[in-house]
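Residue strings, one per chain:
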Amino acid sequence: ENEAANETVVAAEISADNVAGFTFTSGESTLALSRTDGEWLAPQDLDFPVDADKVADTLEALAKVTATQKLDAPDSLETYGLSEPDETLTVSLADGTTTTFAFGDTNSLTGDLYALVDGDVYTLDASFADGFTTDLYDYVKLEALPTVESAASLTVEQGMEYAFSLYRTEEAAGL
């Protein structure tokens, strides 16, 4: 491992202005956002109101991704939990190139996260990966959601595991 462990090294520098989109996968969940004509869209739901300010806040973390160290002669990727990572972040740039971050195990001594960044192994602060999410609703533009004045029923579903329905009846009209 790198002898200069106390120095920080730059694993990636990505300007938010150059990001055309990103995909974050965690386990079975995936979130993809892309920018078209300056507007952020969710390809999985093109009508979803994406808050560009929330996306910009997330992308700030990419401006300068610093690592505690770069492993100059890393062992096999399996040693760091990187042979089949549970979480990956792929950032697509306007020029058509991509930068991929794969997140592996946590170093038990330092608490840093092993990350494979375009083929190189680094140790990153674990909070870097935490800044990304697979929940589309973390990026919702609340002001764009419709206001409901009255309704006879309401059904809410999130994934296959969570759903509930409310129905208005004459007996409960005042509730």
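This report concerns the structure included in the present document.

Procedures and definitions
Residues numbered from 1 in each chain as written. Predicted model: local features only at pLDDT ≥ 70, side-chain atom pairs only at ≥ 80, totals over all residues. Heavy atoms only, no water. Buried < 20%, exposed > 50% of the residue type's maximum accessible area, 1.4 Å probe, protein only. Helix = DSSP H or I, 4+ residues; strand = E, 2+ residues; numbered from the N terminus. Arc of directions from axis to C-beta. Contact = heavy atoms within 4.5 Å. Polar contact = N/O pair within 3.5 Å; in protein donor to acceptor, adjacent residues only side chain to side chain. Core = buried A, V, L, I, M, F, W, Y, C linked by side-chain atoms within 4.5 Å. Pairing = 2+ DSSP bridges. Axes fitted to C-alpha atoms, helices over the stretch in contact; angles between N-to-C directions. Salt bridge = Lys/Arg side-chain N within 4 Å of Asp/Glu carboxyl O. Phe/Tyr/Trp six-rings, centres within 6.5 Å; stacked < 30°, edge-to-face > 60°.

## Focus on helix α1 (residues 52-59)
In an α-helix, one turn spans 3.6 residues; hence positions three or four apart end up facing the same way. Within α1 the residues assigned to the buried category are Val 55, Thr 58 and Leu 59. Around the axis of α1, the buried residues are gathered within 95 degrees of arc, so they sit on the same side. Along α1, exposed side chains directed more than 90 degrees from the buried face belong to Asp 53 and Asp 57. At its buried positions, α1 is contacted by β2 (19-26), β3 (29-36) and β4 (39-41). With a side-chain oxygen positioned 2.9 Å from the backbone nitrogen of Asp 53, the residue opening α1 is Asp 51.

## A few points about the environment of Thr 8
With respect to the helices and strands, the residue Thr 8 is situated in the segment before β1 (9-12). Put simply, Thr 8 and Thr 66 are 58 residues apart on the chain and 6.1 Å apart in space, counted from C-alpha to C-alpha. Setting aside anything within four residues of it in sequence, one finds Thr 8 in contact with Thr 66, Ala 67 and Thr 68.

## Brief notes about the nonpolar core
Ranked by size, the top nonpolar core spans 33 residues in total, and within it Phe 22, Leu 33, Leu 62, Leu 89, Phe 101 and Phe 103 carry the most contacts. In this structure Leu 89 touches Phe 22, Thr 23, Phe 24, Leu 62, Thr 99, Thr 100, Phe 101, Phe 103, Phe 128 and Phe 132, once residues within four positions along its chain are discounted. Residues Leu 71, Ala 102, Leu 116 and Val 121 belong to the second largest nonpolar core, which totals 7 residues.

## Re the sheet that holds β1
Read across the open sheet, the 9 strands follow the order β1-β5-β9-β8-β7-β6-β2-β3-β4; overall the sheet is antiparallel. Edge positions in the open sheet fall to β1 and β4, since each of these has one partner strand only. Across this sheet, the average inter-strand angle for adjacent strands is 30 degrees, counted without regard to direction.

## A look at the pattern of salt bridges
Taken as a whole and assessed by the stated rule, the structure comprises 1 salt bridge. For Asp 120, the salt bridge goes to Lys 70, with nearest N and O atoms at 3.7 Å. Taken together, the residues Asp 120 in strand β9 (residues 120-124) and Lys 70 in strand β5 (residues 65-70) connect sequence positions 50 residues apart. Among the residues examined, Asp 120 registers a relative accessible area of 30% and is labelled partly exposed. Accessibility expressed as a relative area gives 28% for Lys 70, which makes it partly exposed.

## Observations regarding the packing of aromatic side chains
Under the defined criterion, the tally for this structure stands at 10 aromatic pairs. Between Phe 24 and Phe 132, the ring centres sit 6.0 Å apart and the planes meet at 25 degrees, which makes this aromatic pair stacked. Highlighted residues: Phe 24 in strand β2 and Phe 132 in the loop between α2 (127-130) and β10 (153-158), separated in sequence by 108 residues. The same class applies to Phe 24 as to Phe 132, namely buried. Each ring, one from Tyr 80 and one from Tyr 114, has its centre 4.8 Å from the other, and the planes form 50 degrees; the classification is tilted. Taken together, the residues Tyr 80 in the loop between β5 and β6 (87-93) and Tyr 114 in strand β8 (residues 113-117) connect sequence positions 34 residues apart. Exposure remark for Tyr 80: the relative accessible area of 4% places this residue in the buried category. An aromatic cluster is built from Phe 22, Phe 24, Trp 40, Phe 101, Phe 103, Phe 128, Phe 132 and Tyr 139, whose rings are joined through pairwise contacts.

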